[in-house]
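# An overview of the molecular structure
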Amino acid sequence: EVAARCDIVGLCLGWGFTEINDVAALYQALKAEGYEFEVIMVLPPDTSPQDFDRKLGDVPSPLLALPVEQRERAEELHKLYETQPYEVTFVLLEPATGRQILRQVRYRSETGIFEYGAACWPFEEADMARAAAAAA
């Protein structure tokens with residue numbers, strides 16, 4: 001249902017307060033520009049229901065979250081995108097095809113989507129290079 005109405009869907013795999021705020025800021029900037037974009041938070045599969053509820057309370061509305069009951073799906077996504085404990089991986093997908101547009105591990109990349117935000121829509125390599133040149 002989410003994918004049907006979006007040009008790009010973001011998956012935020014993992015958990016970190018700073019990253020969640022960065023994702024929320026990116027989301028708000030893209031929505032303000034009129035882009036069809038959604039973010040789905042995917043907590044680690046070993047997250048307890050209590051931790052899920054506590055952490056979900058920190059998620060700025062209207063970011064979405066994969067329900068804690070979908071542990072197997074969360075595990076599949078974390079394996080697919082090769083996430084590491086204590087890192088947050090942000091993946092952008094083209095919903096119509098499932099093509100991965102971008103995969104950025106927060107704090108491993110010096111610059112990227114969080115630094116340039118809406119200026120690098122739709123986040124292809126050329127868009128990222130254009131945004132970097134404009135920021136220089």
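Everything numeric here is computed off the predicted structure, so don't read it as measured data.

The number of helices and strands found in the chain is five helices and five strands. Start at the N end of the chain and walk to the C end: the helices and strands fall as β-α-β-α-β-α-β-β-α-α. By residue count, 43% of the 136 residues in the chain fall in the buried class.

Attention now moves to the pattern of salt bridges. Here the idea is simple: oppositely charged side chains can pair when their charged atoms come close. Per the counting criterion, the structure on display carries seven salt bridges. As a salt-bridge pair, Glu76 and Arg73 come within 3.0 Å of each other at their nearest N and O atoms. Of the two residues, Glu76 and Arg73 are both situated in helix H3 (residues 71-80); the distance of three residues between them amounts to about one turn of the helix. On the basis of relative accessibility, which here comes to 44%, the residue Glu76 falls in the partly exposed class. Here Glu124 ties to Arg99 by a salt bridge, and the two come within 2.5 Å at their closest N and O atoms. With Glu124 in the loop between helix H4 (113-116) and helix H5 (125-135) and Arg99 in strand S5 (residues 99-105), this residue pair connects regions lying 25 residues apart in the sequence. A residue is classified by how much of its surface remains accessible, and Glu124, at 28% relative accessible area, is partly exposed. A single salt-bridge network, built from bridges that share partners, covers Arg5, Lys31 and Glu38.

Now for the confidence of the model for the chain. When pLDDT is averaged along the chain, the result is 82; 89% of the residues meet or exceed 70. Mean pLDDT across the elements of the chain ranges from a minimum in H4, with 77, to a maximum in H3, with 92.

Calculation criteria
- Residues numbered from 1 in each chain as written.
- Predicted model: local features only at pLDDT ≥ 70, side-chain atom pairs only at ≥ 80, totals over all residues.
- Heavy atoms only, no water.
- Helix = DSSP H or I, 4+ residues; strand = E, 2+ residues; numbered from the N terminus.
- Buried < 20%, exposed > 50% of the residue type's maximum accessible area, 1.4 Å probe, protein only.
- Salt bridge = Lys/Arg side-chain N within 4 Å of Asp/Glu carboxyl O.
- pLDDT = per-residue confidence, 0-100.

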